[in-house]
Amino acid sequence: MARPTSVFRNEPFFTAIFLVVMWLKFYFFDSSLSPRFSLTFLTFAGGAGVLSCVVAPAALLPRPLRGPCLIALDAALSLLILTDALYLRYSADLFSLYNLGLYAQAGDVSDAIIALIEPQDAKYFVDIPFLALLSRAISREGGWRWLSIKRASAALVLATLGASCAAWKMHSYDRAVPGAIRSLWDRPAVAISVGSLVYHAADAMNVAGERIAKKHYSKEEEDELAGWIESRAAQRAGSRGATFGVAAGKNLIMIQVESLQAFVVGLAFGGTEVTPNINRFARNGIHFTRAFNQTAGGNSSDAEFMSNASLFPTAKGAAFARFAGNAFITLGTELASRGYETTAFHGDKPGFWNRNHMYPALGFERFISKNEFAPGEGIGLGLSDRDFFRQSLEYLEDIKDDGPFYAFLITLTSHHPFNFGAFERQAIDIQLGELEGTVPGNYLRAIHYADAQIGNFLNGLERDELLDNSLIVIYGDHPAIPRGDADRLGALLGRDISSAAAWRDIQSIPIIMRLPRGEYAGKSDAPAGQIDIAPTVASLMGFTIASAFGEDLLAGLGELSGRETSEKMTVFRNGSFVKGYEWVQPGDRRAVDLRTNKTASWSEKTASDARQAAELLAKSDMFIELDMARKIRLDYRR
Ligand code: GP9
Ligand code: MN
């Protein structure tokens, strides 16, 4: 029979102390994340819930193992906090299981990370020796309880209760910010809202969920895909347009403009041109007037993924978060292999959308983020477009004599909700009249501001003799105006955009490519998508992207080349697509003419197009999931 134990040297006391101490450690860390972190009851319950879930199984272990295992768990969780603290200092980000091992791949940054350890980090570990002593004392007094049905039931209840609290917290956050838990686009922001314990639980659940749901492909399927890719690459090589290689050897400057929708291009409001600089740029470039945004759960990052890798966004979550460990064949990898210096510029934290991990995979040798830019004017999420373009131009001036470069610039200021008070209203403003204070009004002002900064940048490029030595691409990442503001937007445009088809149409984004000296300037009405950017740019620069799922828009499509555009399909992630002027929604067996809003007939041909669209998406998913770019060895540079 066990000896009676002291009230402090028994298992319930140890478990209670353990839970409190662990919870406090995470609380200290969470409070250090931001002054915005606030401890609500639900945040407390969520964190305590996750802890209960991880501690409960220990109650079922054999008695001699219980103490050592709990101490090991303490050490592991403390290490997790330290890892987060170091990630935060290094890249304003938090650790994610998706990125496990990526730092090692990216190069030797481990030394830099270790150098970031601070003496105060010891606070996350001070409890360990005390709890170890207590655990030993309990062992000596036989205080660890025998396993029993009652005990197992209590552990089960604790774990269930804990899991429910954590799920409740996740659910309530996901309702407030839809998609945030699945995509985890800004990991520190998620942790500030739900606590880092719940954040890590969500991250682990996402990874585990994907592993469980992972599709298995047979060797035949894999070979068939490789053959399909190869035959498409060969087809592409055989159907080059007259513009193939006209920008070979030039620099590539690609600007992804936050929330740039097509309707603002050429629009005047209150007597002011909304985007005078983009308008001028469009007149001197190849302007794809019917381009659609194809982004999904990865929003901005999906646009970056498509425009560089020409692969579809993933069906769930964001490719940037899930597949940063993959290899890709992209504008960046191809240009780097041709001796280009490849740099991505973005004025936000490097970890937002996992860019710091994904950019190396997309072929960017350098990523200049908010961390590398000199401190400057901040608007909204990061550096203002004014300072962003100024500093990026200085960087290009520095490298321009070293050889050709690819600069990929992602703007930020014209981000929803578009109402940042800091716009330079005196210098650049637009009279909004009754739209003042509304979302469409704020958007016009924000995009007018972004346009002015783009104008300054283009002028700078001209001054530096880079304008006519570069292929310059400008496109929008995704729509800006939420559906709830459709009425106001319709009034502003003088158009009825209440129908689903009109809304689809109004959501298009511009894609404009300017060749040196404005060569080949003109409009193309080919239905285009962001997935077509990389193959089209590659073709202008004289190479092909072997694994592109998009098309070279200049290989004989659209008014520009006089070829029929009716066969070109622009496929969206949900399986719907635009073909010619028809918008087809296979889920509803519906096809609508985007010009007239009239329902078109559903034919056998429509059904077969829908199958083709679904197949294209499935092939892209398979290509990404199998990490095919790494596996296949294609002679794609022929
Ligand atoms: C964040 C910025 C915006 O860095 O690119 O991303 P979004 O919210 O538009 O996806
Ligand atoms: Mn965006």
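Now for a look at the structure at hand. (Residues numbered from 1 in each chain as written. Chains lettered and ligands numbered in written order. Predicted model: local features only at pLDDT ≥ 70, side-chain atom pairs only at ≥ 80, totals over all residues. Heavy atoms only, no water.)

### Section: the coordination of the manganese ion (ligand 2)
To be explicit about the condition: Sites may look incomplete because water is not among the atoms; the donors themselves are N, O and S atoms within 2.8 Å of the metal, or within 3.2 Å for Na, K and Ca. For four-coordinate sites, all angles between 85 and 135 degrees define a tetrahedron; for four- and six-coordinate sites, opposite donors beyond 155 degrees with the remaining angles between 65 and 115 define square planar and octahedral shapes respectively, and all other cases count as irregular. Strands here mean DSSP runs of E at least two residues long; helices mean DSSP runs of H or I at least four residues long; both are numbered from the N terminus. Exposure classes here rest on a 1.4 Å probe applied to the protein chains alone. A residue is buried below 20% of its type maximum, exposed above 50%, and partly exposed in between.
Within the protein, the atoms that donate to the manganese ion (ligand 2) are Glu258 (OE), Glu258 (OE), Ser300 (OG), Asp477 (OD) and His478 (NE2), at distances of 2.0 to 2.6 Å. Viewed at the metal, the 6 donor atoms of the manganese ion (ligand 2) are separated by angles of 54 to 168 degrees, and the geometry they form is irregular. Expressed as a motif, the donor residue spacing for the manganese ion (ligand 2) is E-x41-S-x176-D-H. Of this pair, Ser300 sits in helix H13 (residues 299–309) while His478 sits in the loop between strand E11 (470–476) and helix H19 (486–493), placing them 178 residues apart in sequence. Owing to a relative accessible area of 6%, Ser300 belongs among the buried residues under this scheme. Looking at His478, the relative accessible area reads 7%, which means it is buried.

### Details of the site of ligand 1
Heads up, the rule is: Consider each residue's heavy atoms; a residue with any of them within 4 Å of a molecule or strand counts as near. Nitrogen and oxygen atoms within 3.5 Å of one another constitute a polar contact, given that in protein one can donate a hydrogen and the other can accept it, and given that sequence-neighbouring residues count only through two side-chain atoms. Shrake-Rupley sampling with a 1.4 Å probe provides the accessible areas, and residues are treated as covered by the protein chains on show and by no other component. Residues are grouped as follows: nonpolar covers Ala, Val, Leu, Ile, Met, Phe, Trp, Tyr, Cys and Pro; charged covers Asp, Glu, Lys and Arg; every other residue, Gly included, is treated as polar.
Taken together, Glu258, Asn299, Ser300, His346, Asp348, Phe352, Trp353, Arg355, Leu412, His415 and His478 make up the full set of residues adjacent to ligand 1. In this structure, an oxygen atom belonging to ligand 1 sits 2.8 Å away from a side-chain N or O atom of His415. Protein chains bury 95% of the 310 Å² of accessible surface belonging to ligand 1 in isolation. Among the residues making up the shell around ligand 1, the classes are represented as 3 nonpolar, 5 polar and 3 charged.

### Focus on the environment of Lys579
Looking at where Lys579 falls in the secondary structure, it is placed in strand E16 (residues 577–579). Overall, the relative accessible area of 12% leaves Lys579 in the buried class. Spatially, the C-alpha atoms of Lys579 and Ser32 are 52 Å apart, while their sequence positions differ by 547 residues. Side-chain polar atoms of Lys579 contact the side chain of Asp609, separated by 2.8 Å.

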